[in-house]
Amino acid sequence: MRWIHAAGRGLLVLLVVLTGHVAAGARADVEPGSARGPLTLATAGDLTGYLGPLLEGWNRTHPGERVTLVELPDSADETRAQMVTDLRGGRGRFDVLNIDVDWTPEFAAAGWIRPLERGRFPLDSFLPPVVGTATYDGRLYAVPYVTNAGLLLYRKDVLDREGLPPPRTWAELERDARTVAPKYGLDGYAGQFLPYEGLTVNAAEAVYSAGGTILGDEGARVTVDSAAAREGIGFLVRGVREGWIPREALTYKEEESKQAFQDGRLLFLRNWPYAYAVASAPGSPVAGKIGVAALPGPDGPGTSVLGGSNLAVSSHSRHPESAARLIAYLTSEPVQRQVLTRGALPPVRAALYDDPELIRRFPYLPTLRASVLTAAPRPKSPRYDQVSLAVQAVVHDALTGHETPATAVRRLADELAALSRR
């Protein structure tokens, strides 16, 4: 997505000017030994190349608090593993952590991140659901940075030719994936079905859309053994068994599935908004041919998992005051606008979703806003990594035909109950 860089030079000048307002009154240099000083920001791989220029704006106006960007692997699982290794070892390599929204309870419960003062950050200006992802046990441990919700990307040109609207229900999606896609040499539907964090998301969305849940009471109660969960997992299993979900999709993560859609091989794709931005860019084989809609469910629009990331201060940071100031900068409205326009990442500032100029440039914003407002978090638990691994393993066994949806749901309930007793 280096396509953003052409306009980026001019925007960077604007950003530097705006940064001066965000950081008005900041000192140019910092006393030795104070809570201010140089920082390191750790994040998963920056697929769009937007974050470096944002941090250059900070560094120009905060020479005594310069931030160094450390990019970890693209995979959420690998990023988490490297962060946890550093935090457990007490090395203090990272000051600010860009963490998945579902890691906040785990990191807070383990004492790896510091509680933050609510009054320092304009939380009332954020989309309401995102604030809950940054809290644990009634305290703020992080600040929402970007949000996300799954969307349905579809080949608008194909559906228009058939006189069909985008599907609102699973039955409509299944019908079009089975009957329309083959007429155009396309596979029907794909998501992220490799056993990794993305499969947890896709499985949770299927369960939530059917009216079910996985855990309650922040992981203390297992709720997955339900007819709704069997219906949701059954929908995905049926797709693979009947072929309108291609078996190749069992190897897809976000990038692989996006590329399949962008190459013109899929009629429907569940992915995050960035995939729409990339597939719509000049030079894409499907540019001008795609649309976006809310995820379908059994009887109407389904429920997305609330995605995104939060910014947290490591408990081992030597400069926690500077770390908090950097977080305030990155969540300010001028910078949040750049997060969208330069990085194609959904901002947490609510007002940006009503900006006519941004809507013209990113036409999916109204659909995304509605999806975020109705989204549900992944199962909340201080043992989230183990919960996610259990979901991935069980659902993958069901998708590959080794278990029925009913036996898979019972097995998952048993495994999650065992985790809650530890």
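Computed from a predicted structure; not experimentally measured. Residue positions are given per chain, counted from 1 along the sequence in the order it is written. Whole-chain, interface and lining totals are the exception, using all residues; otherwise, since this is a predicted model, local features are given only for residues with pLDDT of at least 70 and side-chain atom pairs are given and counted only at 80 or more. Side-chain descriptors were evaluated using all non-hydrogen atoms of the structure, hydrogens and water having been removed beforehand.

Caption draft 1: Molecular detail of the packing of aromatic side chains. Each Phe, Tyr or Trp ring, with Trp reduced to its six-membered ring, pairs with another whose centre is within 6.5 Å; inter-plane angles below 30 degrees give stacked pairs, above 60 give edge-to-face pairs, and intermediate values give tilted ones. Per the stated rule, a full pass over the model turns up eight aromatic pairs. Judged by centre distance (4.3 Å) and plane angle (5 degrees), the ring pair of Trp170 and Phe235 falls under stacked. Of this pair, Trp170 sits in helix H7 (residues 170-179) while Phe235 sits in helix H9 (residues 227-242), and the two are 65 residues apart along the sequence. Here Tyr276 and Tyr364 contribute two aromatic rings whose centre-to-centre distance is 5.3 Å and whose plane-to-plane angle is 75 degrees, an arrangement assigned as edge-to-face. Within this pair, whereas Tyr276 is found in helix H11 (residues 273-279), its partner Tyr364 is found in the loop between helix H14 (356-361) and helix H15 (365-373), the two being separated by 88 residues in sequence. Each residue gets one of three labels from its accessible area relative to the maximum for its type: buried under 20%, exposed over 50%, partly exposed in between, using a 1.4 Å probe on protein chains only. Since its relative accessible area comes to 2%, Tyr364 is described here as buried. Aromatic rings pair up to connect Trp103, Phe107 and Trp112 into one cluster. Sitting over the face of the ring of Trp272, Arg270 holds its NZ or CZ atom 4.3 Å from the ring centroid. Numbering of helices and strands runs from the N terminus, with a helix taken as a DSSP run of H or I at least four residues long and a strand as a DSSP run of E at least two residues long. Here, a charge over a ring is recorded when the distance from Lys NZ or Arg CZ to the ring centre is within 6 Å and its angle to the ring normal is within 35 degrees.

Caption draft 2: Focus on the side chain of Asn310. Here Asn310 lies in strand S13 (residues 306-313). Not counting the four nearest positions on each side in its chain, Asn310 is found in contact with Leu97, Asn98, Ile99, Val101, Thr104, Thr133, Ala134, Ala142, Val143, Pro144 and Tyr145. The contact definition used throughout considers only heavy atoms, calling two residues in contact when any of these lie within 4.5 Å.

Caption draft 3: Geometry of empty space enclosed by the protein. Cavities and pockets are defined on a 1 Å grid built over the protein atoms alone: a cavity is a set of grid points where a 1.4 Å probe fits but cannot escape, while a pocket is an open set with protein on both sides within 12 Å along at least five of seven lines, and lining residues are those with an atom within 4 Å of any such point. Grid points are joined across faces, edges and corners, and a volume is the space filled by probe spheres set on the points. Throughout the structure, instances matching the rule amount to four cavities of 30 Å³ or more. One number sums up the size of the largest cavity: a volume of about 130 Å³. Every residue lining the largest cavity is counted, 13 residues in all, and those nearest its centre are Trp170, Tyr189, Glu205, Ala206 and Phe235. Looking at the lining of the largest cavity, the elements that each hand over two or more residues are H7, helix H8 (197-209) and H9. The biggest single contributor to the lining of the largest cavity is H8, with four residues. Note on residue categories: nonpolar means Ala, Val, Leu, Ile, Met, Phe, Trp, Tyr, Cys or Pro, charged means Asp, Glu, Lys or Arg, and polar means any other residue, Gly included. Its residues assigned to classes, the lining of the largest cavity comprises eight nonpolar, three polar and two charged. Looking at the second largest cavity, its volume works out to about 40 Å³. In terms of lining, the second largest cavity is formed by Ala203, Val207, Ile214, Val224, Ile233, Val391, Val395, Val409 and Leu412.

Caption draft 4: A look at the packing of helix H16 (residues 384-399) against helix H17 (residues 405-420). Axis lines are fitted through C-alpha atoms, for helices just across the contact stretch, and the angle between N-to-C directions can take any value from 0 to 180 degrees. Interaxial distance between H16 and H17 falls to 10 Å at its minimum, and their mutual angle equals 165 degrees. The angle between H16 and H17 falls in the class roughly antiparallel. H16 and H17 meet at a crossing whose hand is right-handed. Residues Gln386, Val387, Ala390, Val391, Ala393, Val394, Asp397 and Ala398 of H16 form the contact with H17, whose participating residues are Ala408, Arg411, Leu412, Glu415, Leu416 and Leu419. Here the residues of the contact of H16 with H17 sort into ten nonpolar, one polar and three charged. In this scheme, roughly parallel covers angles under 35 degrees and roughly antiparallel covers those over 145, while 65 to 115 is roughly perpendicular and the rest are oblique. For any pair of crossing helices, the crossing counts as left-handed if the nearer helix is rotated counterclockwise from the farther one by less than a right angle, and right-handed if it is rotated clockwise.

Caption draft 5: Fine view of the layout of surface pockets. Roughly 250 Å³ of internal volume is contained in the second largest pocket. Lining the second largest pocket are 17 residues, with Tyr208, Pro377, Arg378, Pro379 and Lys380 positioned closest to its centre. A breakdown of the residues in the lining of the second largest pocket according to their chemical character gives ten nonpolar, four polar and three charged.

Caption draft 6: Representation of the pattern of salt bridges in the model. Here, a salt bridge means any Lys or Arg side-chain nitrogen found within 4 Å of an Asp or Glu carboxyl oxygen. According to the stated counting rule, one finds 23 salt bridges in the structure shown. Among the ionic pairs, Lys183 bridges to Glu162, the shortest N-O distance being 3.1 Å. Pair noted here: Lys183 is in the loop between H7 and strand S8 (187-190) and Glu162 is in helix H6 (residues 156-162), with a separation of 21 residues, a long-range link. The class for Lys183 is exposed, based on a relative accessible area of 56%.

Caption draft 7: Layout of the sheet that holds S8. What the four strands build is an open sheet, ordered S8-S11-S7-S12; its pairing is mixed. Among the strands making up the open sheet, the edge pair consists of S8 and strand S12 (290-293). Taken pair by pair, the neighbouring strands of this sheet meet at an average axis angle of 15 degrees, ignoring direction. DSSP-based pairing: two strands are paired if at least 2 bridges between them are found. Bridge analysis of strand S7 (residues 151-155) against strand S11 (residues 266-271) gives four bridges, and the strand direction is antiparallel. Considered in S11, the bridge of Leu153 is made with Leu269.

Caption draft 8: Geometry of the packing of helix H2 (residues 51-61) against helix H12 (residues 320-330). Relative orientation of the contacting elements H2 and H12 amounts to 125 degrees, with a least axis distance of 11 Å. Compared by their axis directions, H2 and H12 come out oblique. Seen from above, H2 lies across H12 with right-handed handedness. On H12, the residues that touch Leu54, Leu55, Gly57 and Trp58 of H2 are Ser322, Arg325, Leu326, Tyr329 and Leu330.

Caption draft 9: View of the environment of Leu151. Residue placement: Leu151 occurs in strand S7. For Leu151 and Ser371, which are 220 residues apart along the polypeptide, the C-alpha to C-alpha distance reads 7.9 Å. What Leu151 contacts, discounting residues up to four positions off in sequence, is Leu269, Arg270, Asn271, Pro273, Val292, Ala293, Leu295, Thr367, Leu368 and Ser371.

Function cannot be read off these values alone, since they describe shape.
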